[in-house]
Amino acid sequence: MYTPEMLESIARVEAHRAQNLATEPRRMTAEEKEALLKAYHPDYREDQFTSLQVGPNAGEKAPLELAELLQSRPRILGEAVQLDRTDLAADVLVIGGGGAGCAAAPEAQNTGASVLLITKLRVGDANTMMAEGGIQAADKPNDSPAIHYLDAFGGGHFAAKKELLYKLVTEAPEAIQWLNQLGVEFDKEPDGTMVTTHGGGTSRKRMHAAKDYSGAEIMRTLRDEVLNRPIQVVDFTAAVELILDEDGRASGAVLLNMETREILVARAKTVILATGGAGRMHYQGFPTSNHYGATADGLVLGYRAGAKLLYPDTLQYHPTGAAFPQQIFGALVTEKVRSLGAMLINREGEAFMHPLETRDVSAASIIRECQGRNKGVQTPDGQGVWLDTPMIELRHGAGTIERRIPAMLRMFGKYGMDIRKTPILVYPTLHYQNGGLDIGPDCQTPHVPNLYVAGEAVGGIHGRNRLMGNSLLDIIVFGRDAGRNAGNAARNVKLGAPTLRHVAAFVMKYLVPPEKPSQSILVGCLLAASGGLQDAYTYNVRDQVFANAQTGNMVLVGQSLALGQWAVAVEHLIPVLAFAGGVFAAEVVH
């Protein structure tokens, strides 16, 4: 399985192991870290970013792949969306069935609200399920939320929204107790004390874990809690557009059944976006540790409705994704492996960095070792460095790996690799979306009333880098808070008339060139076919071409299509297209 070059390098790792065990590499200075990040971290590659041209964050930087999504054509154009028909309804609509959504739904239901949870895959198919290392909380005598705050604030380059980070760390101990009471099987000492360990960038041991499948254990428990309550769950159904009322408040969503392709309308008094991350965008061609559903859905939904993004240009590349064998390329190798004592070693057998630097620094160090210093190990998919896992049992005794990181032992064991005896090859993998939708302390977006956000779809909790264990924490803290706040707010909400005029406005304002009125007319026809968008045609305040000339016909087209009256629709569409053709001809002559 190993190439001759790999075997030669393994021999050098083994030869230097005793020396490396006896040595602790020094931590970098702040200046060294900054220089390293600018030279090697993917977030600093200017050619991989562009300025957004449309929407609330116009002029700000975003990854090329995300910018394309944010500025793309709405999926509902050409679909018959009947807003006068309600297929699903509840007081609170939760979009997303991962950890944040499943923490929000029970808390919303506790307020007395009816809850509808929709997810485009199955409940529990989420990045939460993939999380391994643990969840942070300052609940030991030598620790405090203040120390936790300082660790996280510094680790995030002092860019976190202070009020959100304060909420994260102060509500962390109670979040652990809530999970424990629900039935999460945390690692514990014989007397019941929870076992805690270090993570990268932590000054205290505050990482609580369930072996090395902490996320799966938390997700199992939350999923059971949701399914055992009177919460309506609709799976294999994606939200493709938010519905607002005439006052601009979130009041539901247009849904797409992923199996039948049926368009559905869900109405609610408040909406919670808990759609997770974006790893499956494969930014800059990186592999990812993320679940298949991580495609930035919530960012696009919120952005088109008018919600602002915070730090859309910053992502987390986990330093230790599997680089070999090919079958698990990009899979997460939990940071817990390093917190238990394994060190990062280059091709020559040298320990080239402290194993518990923050994730962005660690990832940049590995990239530098491979690309800048040419000391990486060649693999079929690129390069990697060694993570010297046999060190763990030399430090802590035989049986430690099977007891503390059994999932890692099994993952590599499937391919004939015994991590107790042989080091493993790793390279950074796309792992987490640091940026996301901007929210206040109540989890509500400032620009779209009644729209709440929780989990990885939020921006600003961690700043521009996240410490290990704070993502599982934020889905619990902000998921629960979003659920409670959305449920309580729903008591005082009276549903207004549903509208998708924000989608029409987005298209007309941003996606149709002002010098091409014929395109305005043709877009108007498409919007007409979306039924329920009829009142949006007069929104074209820029040139007034179709609003003055063909509004009535386009409204009739939309109404006829919604009713299935195809002949009538065609009858009214002909003069619209003729008018559009005349305008187009005038443009050509001009």
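It should be noted that the structure appears before, not after, this text.
Summary of the structure given here.

The rules we used
What you see as residue numbers is a count from 1 along each chain, following the sequence as written. Local features in this predicted model are restricted to residues whose pLDDT is 70 or higher, and side-chain atom pairs enter the listing and the counts only when it is 80 or higher, whereas totals over whole chains, interfaces and linings include all residues. In computing side-chain values, all of the structure's heavy atoms are included and hydrogens and water are not. Strands qualify as paired when DSSP identifies two bridges or more between them. Labels follow the DSSP assignment, with helices taken as runs of H or I lasting at least four residues and strands as runs of E lasting at least two, numbered in each case from the N terminus. Here, the term nonpolar core denotes a set of buried Ala, Val, Leu, Ile, Met, Phe, Trp, Tyr and Cys residues that are joined through side-chain atoms within 4.5 Å. Relative accessibility thresholds used throughout: buried, under 20% of the residue-type maximum; exposed, over 50%; partly exposed, between the two (1.4 Å probe, protein chains only). The angle between two axes is taken between their N-to-C directions and runs from 0 to 180 degrees, where each axis is a line fitted to C-alpha atoms and a helix contributes only its stretch in contact. These descriptions rest on fixed angle ranges, namely under 35 degrees for roughly parallel, over 145 for roughly antiparallel, 65 to 115 for roughly perpendicular, and the rest for oblique. Contacts were defined at the residue level, with two residues in contact if any of their heavy atoms lie within 4.5 Å. Three categories are distinguished: nonpolar for Ala, Val, Leu, Ile, Met, Phe, Trp, Tyr, Cys and Pro, charged for Asp, Glu, Lys and Arg, and polar for the others, with Gly belonging to the last. Salt bridges are counted wherever a side-chain nitrogen of Lys or Arg sits within 4 Å of a carboxyl oxygen of Asp or Glu. Planes of paired rings set the category: under 30 degrees apart is stacked, over 60 is edge-to-face and the rest tilted, where pairs are Phe, Tyr or Trp rings (Trp by its six-membered ring) whose centres lie within 6.5 Å. A ring has a charge above it when a Lys NZ or an Arg CZ is no more than 6 Å from the ring centre and no more than 35 degrees off the ring normal.

1. Thoughts on the sheet that holds strand β7 (residues 207-208)
Across the sheet, which stays open at both edges, the three strands sit in the order β5-β7-β6 with antiparallel pairing between neighbours. Because the sheet does not close on itself, it has two edges, and the strands there are β5 (135-136) and β6 (196-197). By the bridge criterion, two bridges tie β5 to β7 in an arrangement that is antiparallel. When the sheet's bridge partners are listed, glutamine 136 is paired in β7 with methionine 207.

2. A few points about the nonpolar core
Core analysis: the biggest nonpolar cluster contains 135 residues, and Val333 and Ile476 have the highest contact counts within it. Per element, the largest residue contribution to this core is nine residues, and it comes from helix α16 (residues 470-490). If you look at the next biggest cluster of nonpolar residues, it comprises eleven residues, including Leu83, Val240, Leu256 and Val503.

3. Section: the packing of helix α7 (residues 162-170) against α16
Interhelical geometry of α7 versus α16 gives an angle of 100° and a closest axis separation of 9 Å. In terms of orientation, α7 lies roughly perpendicular with respect to α16. Counting all contacts with α7, which are made through Leu164, Lys167 and Leu168, the residues of α16 involved are Asn470, Leu473, Asp474, Val477, Phe478 and Asp481. Among the residues making up the contact of α7 with α16, the classes are represented as five nonpolar, one polar and three charged.

4. Concerning the pattern of salt bridges
Following the criterion strictly, the structure yields 35 salt bridges and no others. In this structure, aspartate 187 engages lysine 211 in a salt bridge whose closest nitrogen and oxygen atoms are separated by 3.6 Å. Residue aspartate 187 is found in the loop between α8 (172-182) and β6, and its partner lysine 211 is found in the loop between β7 and α9 (214-227); the two are separated by 24 residues along the sequence.

5. Topic: the packing of aromatic side chains
Applying the stated criterion across every chain yields a total of four aromatic pairs. Residues tyrosine 2 and phenylalanine 324 carry aromatic rings whose centres are separated by 6.0 Å and whose planes lie at 35° to one another, so their mutual orientation is tilted. Remark: phenylalanine 324 occurs in the loop between β13 (315-322) and α11 (336-339) and tyrosine 2 occurs in the segment before α1 (4-21); sequence separation between them is 322 residues. A connected cluster of aromatic rings, assembled from ring pairs, spans Tyr149, Phe153 and Phe158. Taking NZ or CZ as reference, lysine 61 lies 5.0 Å from the ring centre of phenylalanine 49, over its face. Directly above the ring of tyrosine 432 sits arginine 466, whose terminal nitrogen or CZ lies 4.1 Å from the centroid.

Limitation: the analysis is restricted to geometry and does not speak to function.
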